[in-house]
Structures are given as structure tokens and as C-alpha cells.
Amino acid sequence: MLKKLLANCRKPTGFIGRLFAGMMNWAHGPVTREVVELLAVTPEDVVLDIGCGGGAAIALMAGKGAKVYGVDYSETSVAKSLATNREAVRDGRVEIQVADALRLPFSGEMFTLVTAFETTYFWENIQECFMRIHGVLRPGGRFAITLEGWKGENGEINCPKVFVDNLAMNLYSEGELRELLSAAGFDSVSPLKGTWRKWLCVMAFKRR
Ligand SMILES: C[S@@+](CC[C@H](N)C(=O)[O-])C[C@H]1O[C@@H](n2cnc3c(N)ncnc32)[C@H](O)[C@@H]1O
């Protein structure tokens, strides 16, 4: 029962999934708000948020004047994200569609920033996903992975046990992410430091 409910964190589905997508907007609010501030998004940015869930990060970044695209492989998440960003979608400032991180429906180097909040735990073939993201970033573009669940460098797990036990999450350490991002072609990788210690954000840069 618990496993079935929590599966909505991996892929929100139906009515309960929609409630989960709404809850995620609230539960991930503190980390999302802090990281969006640190990313210093400007009106010149063209952003892609992958695994957009309930759409709160999209709303924050669109609020900074950026053009924001969102994708999520869950139709339920996309519906909730569209509702969260109704006005911005109507005004053409936000576009959201169903898509898997592995099969991004964009061609060319069109984004200055790609974000992934609390979602890489669930991505299949993450190395390939990172390569696709590298491909859609403009030269000098940034990719920010934000996580509240991760592995310490000594293998210790920083993530509530209820999620680890029920969700088959892939937890990465900062070092593992660095290796995967470098192998995907990113030029440099550095952590983004915040005041709230309960999260890890790794930023990767594409060569100019
Ligand atoms: C835990 S939620 C996080 C949602 C939102 N980013 C947030 O921080 O509140 C994970 C989201 O990632 C989506 N997701 C998982 N794997 C994905 C993939 N391979 N491609 C696209 N979306 C994915 C899920 O459908 C879900 O909406």
C-alpha cells in the first residue's frame, strides 16, 4: 500500500498523483526557492526544467522573466504544472509537455540553463540523459541538479529511509555526478552552496 502510494513520487498518476504533484510543490518549496535564487535566473535565460512535477520551479523561474520550458514523463505532472502556470502558459512565457529526460523533444543548442529538481533518482540511463542535456545547452550553458537525497563520499545515505526502502531510488554522490557529467562532455562541475544544508546542488557548465 505504502509502496503503491509512494510510486507517485517516481511517476504521479491519476487523482492521487495529482495530489502528490501539488504536495511536492509545497514539500520541495524551501530548496527550490533557495536554489532558484542562487541560480540568478534573468530575463535573458531560456530554461528547461526536466521532471517538472507540479510546476513550482517553472513558476519561480518564469517569475524572473526567463522563458521557461518544462517536461515530465508523467501526464499527471504535466497537467498539474500547466495548471500552476496557467497565466504564463497563456502568455507564451512557459511551455510544458510530456517527455522523458532520455528523449528530449528539442533540437539544437537552445537553452542557457537546464534544471532538474529532485528527479534524477528516477532517470533510466542517466549517462545518456546527461549527454542529451549537454546537446541542447548553448555554449557556456549551465545544468543544475538539485537533490535532497544523495550519497555522502563515504557511502552514507542522506535520504529518509521510507523513500529509500520503497522507491528503488538511484542515489548519487557528488563525486559520482561529477564523473557522469564529465563523461557526458561537460567542461567543469562545481557544487552550489546554500544556507540550508539538507540539499546538494551540482552545477555543470558546457564549454563556451
Ligand atoms: C519527486 S518529483 C519532483 C518534481 C519537481 N521537480 C519538484 O521538485 O517538486 C519527480 C518528478 O520527475 C518526473 N520524472 C521521473 N523520471 C523522469 C524522466 N525520466 N523523465 C521526465 N520526468 C521524469 C516524475 O514524473 C515526477 O514528476
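The notes below deal with the structure included here.

About the thresholds
Residues numbered from 1 in each chain as written. Predicted model: local features only at pLDDT ≥ 70, side-chain atom pairs only at ≥ 80, totals over all residues. Heavy atoms only, no water. Disulfide = S-S within 2.5 Å. Buried < 20%, exposed > 50% of the residue type's maximum accessible area, 1.4 Å probe, protein only. Core = buried A, V, L, I, M, F, W, Y, C linked by side-chain atoms within 4.5 Å. Helix = DSSP H or I, 4+ residues; strand = E, 2+ residues; numbered from the N terminus. Contact = heavy atoms within 4.5 Å. Polar contact = N/O pair within 3.5 Å; in protein donor to acceptor, adjacent residues only side chain to side chain. Pairing = 2+ DSSP bridges. Right-handed = clockwise from strand over helix to strand, strands pointing away. Near = heavy atom within 4 Å. Areas by Shrake-Rupley, 256 points an atom, 1.4 Å probe, with all protein chains shown as cover. Nonpolar A, V, L, I, M, F, W, Y, C, P; charged D, E, K, R; others polar.

**Some remarks on the state of the cysteines**
Here's step 1: One pass over the full model with this rule turns up zero disulfides.
Here's step 2: Its sulfur unpaired, C9 is 10 Å from the next cysteine sulfur, which belongs to C159.
Here's step 3: Left unpaired, C129 is separated from the closest cysteine sulfur, that of C52, by 15 Å.
Here's step 4: Judged by relative accessible area, which is 1%, C129 ranks as buried.

**Points about the nonpolar core**
Here's step 1: Formed by 43 residues in total, the largest nonpolar core has its most connected members in W123, F130, I133, F143 and L181.
Here's step 2: Looking at this core, the elements that each hand over two or more residues are helix 1 (2-10), strand 1 (46-50), strand 2 (67-72), strand 4 (111-117), helix 7 (126-136), strand 5 (137-147), helix 9 (174-183) and strand 9 (200-205).
Here's step 3: The element best represented in this core is helix 7, accounting for five residues.
Here's step 4: The residues contacting W123, other than those within four sequence positions of it, are I50, A101, A116, C129, F130, I133, F143 and N170.

**Regarding unusual backbone geometry**
Here's step 1: For E118, which is not glycine, the phi torsion reads 55 degrees and is therefore positive.
Here's step 2: Position of E118 relative to the elements: it lies in the loop between strand 4 and helix 7.
Here's step 3: The backbone of A168 shows a phi angle near 45 degrees, a positive value even though the residue is not glycine.
Here's step 4: For A168, a relative accessible area of 59% gives the class exposed.

**A short note on the side chain of R142**
Here's step 1: Topologically, R142 is positioned in strand 5.
Here's step 2: There is a polar contact of 2.8 Å between the side chain of R142 and the backbone oxygen of L39.
Here's step 3: With near-sequence residues (within four places) excluded, R142 lies in contact with L39, A40, D45, T112, L113, V114, L137, M203, A204 and F205.

**Considerations on the pairing of strand 2**
Here's step 1: The buried count for strand 2 comes to five of six residues, which makes it a mostly enclosed element.
Here's step 2: Judged from the five bridges that link them, strand 1 and strand 2 form a sheet pairing that is parallel. Counterpart to I50 in the pairing with strand 2 is V71.
Here's step 3: With respect to chirality, the unit in which strand 1 leads through helix 4 (residues 56-62) into the neighbouring parallel strand 2 is right-handed.
Here's step 4: Relative to strand 3 (residues 94-98), strand 2 is paired through five bridges, and the arrangement is parallel. Its bridge partner being in strand 3, V68 is matched across the sheet by V94.

**A look at the site of the ligand**
Here's step 1: Around the ligand lies a shell of 21 residues, among which H28, G51, D72, S77 and F117 are the nearest.
Here's step 2: Contact distances for the ligand include 2.6 Å between an oxygen atom and a side-chain N or O atom of D72.
Here's step 3: A distance of 3.2 Å separates a nitrogen atom of the ligand from a polar backbone atom of Y73.
Here's step 4: Summarising the interface, the protein chains cover 96% of the accessible area of the ligand, which totals 600 Å² for the free molecule.
Here's step 5: Considering only residue class, the shell around the ligand consists of 10 nonpolar, six polar and five charged.

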